[in-house]
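Residue strings, one per chain:
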Amino acid sequence: MSTATTLRKGPDINGFFGHFGGRFVAETLMPLVLELQEEYARARNSKEFVDEMDALRRDFVGRKSPLYLAERLTEQLGGAKVYLKREDLLHTGAHKINNCLGQILLAKRMGKTRIIAETGAGMHGVATATVAARFGMECVVYMGSVDIHRQQPNVQRMRLLGAKVIPVTSGAGTLKDAMNDALRDWVTNVADTFYIIGTVAGPHPYPAMVRDFQSIIGEETREQIIEREGRLPDTLVACVGGGSNALGLFHPFLDDKSVAMVGVEAAGEGLDKRHAASLKGGTPGILHGNRTFLLQSADGQIQDAHSISAGLDYPGIGPEHAWLNEIGRVSYAAITDDEALEAFHTLCRIEGIIPALETAHAIAYVMKVAPTLPEDHLIVINLSGRGDKDMSTVLAAMDASAENAEKNAGKAVKGEA
Amino acid sequence: MSASRIDRCFEALRQQDCAALVTFVTAGYPDYRHSLEILKGLPEAGADIIELGMPFTDPMADGVPIQLASQRALAGGHNTTKTLQMVREFREHNQHTPIVLMGYYNPIYCYGVERFLNDAAASGVDGMIVVDLPPEHDDELCVPAREAGIHFIRLATPTTDAARLPGVLVNTSGFLYYVSSTGVTGSVAPTAEKVEKELARIRQHTNLPVAVGFGIRTAPQAERIARFADAVVVGSALVECIANADTEAQGRDDVLSLTQELSVAVREARTTLNVS
């Protein structure tokens, strides 16, 4: 019998990773959360569920996603060899579909007929609307009014797929507020409604369940890198908002001591200004059903997060990340809006890939560290989504930057005169 | 022990064959001064027990009126320390009306559980309801609260079935708060017949007084529930009095006059029943 310890066993029966996680929800929801936990445990062991999932992953989602050697990026950085795990090539354009597919199959097993979700950048909303359409279920997506404005293409996609998008104006009108309203809907409609949470957060079993559905990313990466390089990677890098794409990549490697892992948070305007880096700039607290690191005041009031990427501006992070950070298994870095934008443009121009602004944070981190590493160092970046949805944000930033450059040029000319 | 104020309150009302009127108001709303004036005025207006909402930025089980009240209170600089200060100031004039704090776990967790319970007990708090702390996490706050002499009042809902109810009741004290409908605060009005049946079911499991809340807004609704429940809780309708008033002073007066109306209805509920 193996006595090897594993970092992959969590959470415990009450949903805790160390002292993070748990099930901090209103009593109305508790029976439902417990029922989901039981049903998920049954489903994982059901051949029928696993087979249906595999077939849909292959034929509907388009898995396996390629592991692509970014030759020109590697050459430009002049250090480590950089691979991209191409989750952007999946149906709906991001890793979010992996999780939604798993959850809708559970909803179907539980006899639920109505799906609700929250979304920030809209990718989770689009993925939810997609699976709801595929399985013929009513779908309601809560989205902050600010995010609706900055992510119009995804709002239109959700509507085309038959989902009702409800603008949330409470609070700052972003992802956290959308999640509050989705929880309010769920409390009201517990009998027929399944809440598809989009990240590795929320009450137990969501953090573990979403992680498991996303772990296909790391499982494939493992096989693919061994096939290509004959060994495991040295470093895995992924962006972290709630942290589902990162955990999906990291989790199958957690027990491989030789593999370093870096989660990249959004430093926004800088860690001393407005940002969304819950681990780098937050403290432990309880929100949305779990204990984790949060951006909050000393009085325990939740603060608004900021990132140029709508998908990252959430004031919390999945509880397993909080634990992995605490035990030092995964390290976390933070990248600013400007650094992410620069990385976005770099990948567009030298690899012909338009990445999501979320992913651009991970790329920016690698652009910093790869040049300092030897050529035989293997880095895998999870390319979690594509950037079509971010066009208006990026173009607005380019216009603003051009305007500033013009102003500065004007000042310089005046100065000379 | 301060916690016995709740027990004494229910005992006294039982002897009069009356249900209790529980009023909910948000601490610090519309501002500290008027909120304290409301708090002080509630017992005289007929509130038997006062629930004092601790504002939180993300009150995920609350409807719009209470969300907005919390936001306004926080924008005005309200915090946990000031909520406890309000209770202290209230206690200078009133030693008999029970006060139950209602809120979410995070502000308490950040204040520090032990420090919070010490300060709450010292301020004259009798009980607390923490919406997002199910019995599965009793060790976090519920058990320490009871050890500190503060009742931990639990919510039971239509989804709390017979298998789950005993677990919900195990560390509950003071009274049980029955949430009459699934949904957020201030949503649909409960059907009295349905609630009466549910209460009969719950009473098979406990001798604790059972309060009914969520969706009760008017005197006739309160009266109907007070015929069979041990207490009737009204919150959103009172908070809306403040939201709809032109001035803070008018909001205060409107809260107190609605409380008076509700109190009369609750007091007379069983008399009316006996006559008819």
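The structure presented is a predicted model; accordingly, all values stated were derived computationally and were not measured.

Chemist: How do you make sense of the overall build of chain B when you look at a structure like this?
Modeler: A count of helices and strands for chain B gives 12 helices and 9 strands. Here the C-alpha radius of gyration of chain B, 17 Å, is about what a compact globule of 276 residues would show, namely 19 Å. Put simply, chain B has 276 residues, and 63% of those count as buried. Within chain B, contacts between residues separated by at least 24 positions form 73% of all contacts whose residues are at least 6 apart in sequence.

Chemist: Whenever I open this one, the domain arrangement of chain A confuses me. Can you help?
Modeler: In many analyses, interface size is given as the accessible surface area lost on bringing the parts together. Residues and elements named next belong to chain A. According to the domain assignment, chain A consists of domain 1 (16-60 + 95-205) and domain 2 (64-92 + 215-397). Computed from C-alpha coordinates alone, the two centres of domain 1 and domain 2 are separated by 22 Å. Taken together, the contact pairs 40 residues of domain 1 with 42 residues of domain 2. Summing both sides of the interface, domain 1 and domain 2 together bury roughly 3400 Å²; the carbon and sulfur share of this comes to 61%. When the buried surface of domain 1 facing domain 2 is broken down by residue, Phe20, His95 and Lys176 rank first, second and third, together holding 22% of it. Viewed at the interface, domain 2 and domain 1 are joined by 1 salt bridge. With a closest N to O distance of 2.7 Å, Arg150 and Asp313 form a salt bridge. For the pair domain 1 and domain 2, the number of links is 12 residue pairs in polar contact (both at pLDDT 80 or more). When contributions to the side of domain 1 that touches domain 2 are tallied by element, the ones reaching two or more residues are strand E1 (16-17), strand E2 (20-24), helix H2 (47-61), helix H4 (96-109), helix H5 (123-134), helix H6 (145-150), helix H7 (152-160) and helix H8 (175-188).

Chemist: Whenever I open this one, the UniProt feature "active site" (unreviewed entry) in chain B confuses me. Can you help?
Modeler: Sites flagged by UniProt as "active site" (unreviewed entry) map to Glu51 and Asp62 of chain B. Tracing the backbone through its elements, the reader meets Glu51 of chain B in strand E2 (residues 49-53). Exposure remark for Glu51 of chain B: the relative accessible area of 1% places this residue in the buried category. In this structure Asp62 of chain B comes out as buried when scored by relative accessible area, which is 10%. For Asp62 of chain B, the contacting residues outside a window of four places in its chain are Arg184 of chain A together with Gln67, Tyr104, Val184 and Thr185 of chain B.

Chemist: Got a minute to help me understand the sheet that holds strand E8 (residues 193-195) of chain A in this structure?
Modeler: All names here are of chain A. Spatial strand order, E7-E6-E5-E8: 4 strands in an open sheet with parallel pairing. The sheet is open, and its two edges are formed by strand E7 (164-168) and E8, each paired on a single side. Each adjacent strand pair in this sheet contributes to an overall mean axis angle of 25°, direction not counted. Relative to E8, strand E5 (residues 114-119) runs parallel, the two being bridged by 3 bridges. When the sheet's bridge partners are listed, Ile116 is paired in E8 with Tyr195. Its contacts with the sheet place H4 against E5 and E8, and it is angled at close to 155° to E8.

Thresholds applied
Residues numbered from 1 in each chain as written. Chains lettered and ligands numbered in written order. Predicted model: local features only at pLDDT ≥ 70, side-chain atom pairs only at ≥ 80, totals over all residues. Heavy atoms only, no water. Helix = DSSP H or I, 4+ residues; strand = E, 2+ residues; numbered from the N terminus. Rg over C-alpha atoms; globule rule 2.2 N^0.38 Å. Buried < 20%, exposed > 50% of the residue type's maximum accessible area, 1.4 Å probe, protein only. Contact = heavy atoms within 4.5 Å. Domains from an automatic or database assignment. Buried area = accessible area lost by both parts, 1.4 Å probe. Salt bridge = Lys/Arg side-chain N within 4 Å of Asp/Glu carboxyl O. Polar contact = N/O pair within 3.5 Å; in protein donor to acceptor, adjacent residues only side chain to side chain. UniProt positions renumbered as here; feature names shortened; annotations may be inferred. Pairing = 2+ DSSP bridges. Axes fitted to C-alpha atoms, helices over the stretch in contact; angles between N-to-C directions.

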